[in-house]
Amino acid sequence: MEDKKKISFFSKNETTCPVCNYSFKREEMLTGRGRLIAKDITPELRRTYEENTKFGEVHPLAYFITVCPACWYASPQRDFNNISPNNIDLVSNLIEYRRKIIQEIFAPIIIDFEQERNLYSGAASYILSISCYSFFPPKESPTIKKGISSLRAAWLFGDMAAKVLKENKKELYERFLKIQEIMYEKARNYYNSAYDLALKGKEKLDGVDLGPDIDKNYGYDGFIYIMNYLNYKMSYKEEDIVKKAEIYREIKKTIGKIFGIGKASKEKPGPLLNIVRDLYDEVSSHLQEIEESVNLEIEE
Ligand SMILES: [Zn+2]
């Protein structure tokens, strides 16, 4: 495979791990020369890319989280030194725990952060990042950052499930899909907690790159949209139809307010509007179905 085109390089500058003091060279992705040809965004605001025959599989998300190859402490590069100094011992004591959760999720696939990143180690890096953000101070807004890492992990677990299915690895396929579902649920919970914490002034959202993907920061509007999208996506778990209707009403109210939907003259233009309107319409029609079925029951 000597002919294979390079998609990444190891940076000259060394990064020193604040937890174990190990120094290493961070792997960065090369983006030029047609390596990444952007396609549409999905309803989850994930950027998609054209398949690239020249460079093969490229996973831009896989490089975003810096992981110490020695102790598996992990966070985005910009936050790497922002862990609470008081918690360094705690993180240091959890090395074996971090290795064990990754092992359980990925076995028999070997995860090695000394090697070049791939889809699997990329997904693992987000799981580690969620775990390590628990040791960051509130001023670093760890809750929404855990939410974004959870959502990206869900995306990558979906990609991995598709990949292992092609290789006919049924057991891994089932496992990855299950973890994807757990990650979506975590994302939903962290987004909602982050919203409450922001309202109470405990963890701010401004100044945070809210992504949710790495190609663009959709800001607060994108955050509100994703929170409501996830509340809708996970609402299948709510069996009580009255509670489900309440979830739908709340979603309509919140996104209606932020984006001015439902009041034609006040609709807020912008790159998100069409995607948000699709969610609004879908939730509205489900709500209507519930309301009609409940009315029928009353009439009977
Ligand atoms: Zn380390």
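A quick note: this is a predicted structure, and the numbers were derived from the prediction, not measured.

Reading the values: the criteria
- Residues numbered from 1 in each chain as written.
- Predicted model: local features only at pLDDT ≥ 70, side-chain atom pairs only at ≥ 80, totals over all residues.
- Heavy atoms only, no water.
- Helix = DSSP H or I, 4+ residues; strand = E, 2+ residues; numbered from the N terminus.
- Rg over C-alpha atoms; globule rule 2.2 N^0.38 Å.
- Buried < 20%, exposed > 50% of the residue type's maximum accessible area, 1.4 Å probe, protein only.
- Contact = heavy atoms within 4.5 Å.
- Areas by Shrake-Rupley, 256 points an atom, 1.4 Å probe, with all protein chains shown as cover.
- Lys, Arg positive; Asp, Glu negative; His and termini not counted.
- Charge placed at Lys NZ, Arg CZ, Asp CG, Glu CD.
- Donors = N, O, S within 2.8 Å, 3.2 Å for Na, K, Ca; no water.
- Tetrahedral: all angles 85-135°; square planar, octahedral: opposite > 155°, others 65-115°.
- Domains from an automatic or database assignment.
- Axes fitted to C-alpha atoms, helices over the stretch in contact; angles between N-to-C directions.
- Parallel < 35°, antiparallel > 145°, perpendicular 65-115°, else oblique.
- Left-handed = near helix turned anticlockwise from the far one by under 90°.
- Nonpolar A, V, L, I, M, F, W, Y, C, P; charged D, E, K, R; others polar.

Asks: Please clarify how the overall build of the protein chain should be interpreted in this entry.
Replies: Tallying secondary structure elements over the protein chain gives 8 helices and 6 strands in all. N-terminal to C-terminal, the α/β element order of the protein chain is β-β-β-β-β-β-α-α-α-α-α-α-α-α. A compact globule built from 300 residues would reach a C-alpha radius of gyration of about 19 Å, and the protein chain, at 21 Å, matches this within 12%. Each of the three principal axes of the protein chain carries a C-alpha extent, and together these read 70 × 45 × 40 Å. In the protein chain, which comprises 300 residues, the share counted as buried stands at 48%. A fraction of 65% describes how many contacts in the protein chain between residues 6 or more apart in sequence connect residues 24 or more apart. Carbon together with sulfur atoms contributes 49% to the accessible area of the protein chain, which is approximately 16,100 Å² in total. Taking the average place of the 45 positive charges on the side chains of the protein chain and the average place of its 46 negative ones, the gap between the two points comes to 5 Å.

Asks: How do you make sense of the coordination of the zinc ion when you look at a structure like this?
Replies: For a metal with four tetrahedral donors the ideal donor-metal-donor angle is 109.5 degrees, whereas six octahedral donors ideally subtend 90 or 180 degrees. The protein atoms that coordinate the zinc ion are Cys17 (SG), Cys20 (SG), Cys68 (SG) and Cys71 (SG), at distances spanning 2.3 Å. Metal-centred angles of 105 to 114° between the 4 donor atoms at the zinc ion mark the site as tetrahedral. Binding-site remark: the zinc ion is held by donors from one chain whose sequence spacing is C-x2-C-x47-C-x2-C. Residue cysteine 20 is located in the loop between strand S1 (8-16) and strand S2 (23-29), and its partner cysteine 71 is located in the loop between strand S5 (65-67) and strand S6 (74-76); the two are separated by 51 residues in the primary sequence. Classification of cysteine 20 as partly exposed rests on a relative accessible area of 31%. We classify cysteine 71 as buried; its relative accessible area is 1%.

Asks: For this particular structure, what's the right way to read the domain arrangement of the protein chain?
Replies: A common way to report how large an interface is uses the accessible area buried once the components associate. Entries for the protein chain in the domain assignment read domain 1 (8-217) and domain 2 (238-300). One C-alpha centre belongs to domain 1, the other to domain 2, and the line joining them spans 32 Å.

Asks: Explanation requested: the packing of helix H5 (residues 170-199) against helix H6 (residues 219-233) in the structure shown.
Replies: When two helices pack together, their arrangement is given by the angle between the helix axes and by the axis-to-axis distance. Where H5 meets H6, the axes come as close as 9 Å, and the angle between the chain directions of the two elements is 130°. As the angle between them shows, H5 and H6 are arranged oblique. Taken as a pair, H5 and H6 cross one another with a handedness that is left-handed. The segment H5 lies against H6, with Tyr184, Ala187, Arg188, Tyr191, Asn192, Ala194 and Tyr195 engaging Tyr220, Phe223, Ile224, Ile226, Met227, Leu230, Asn231 and Lys233. Among the residues forming the contact of H5 with H6, the class breakdown is 11 nonpolar, 2 polar and 2 charged.

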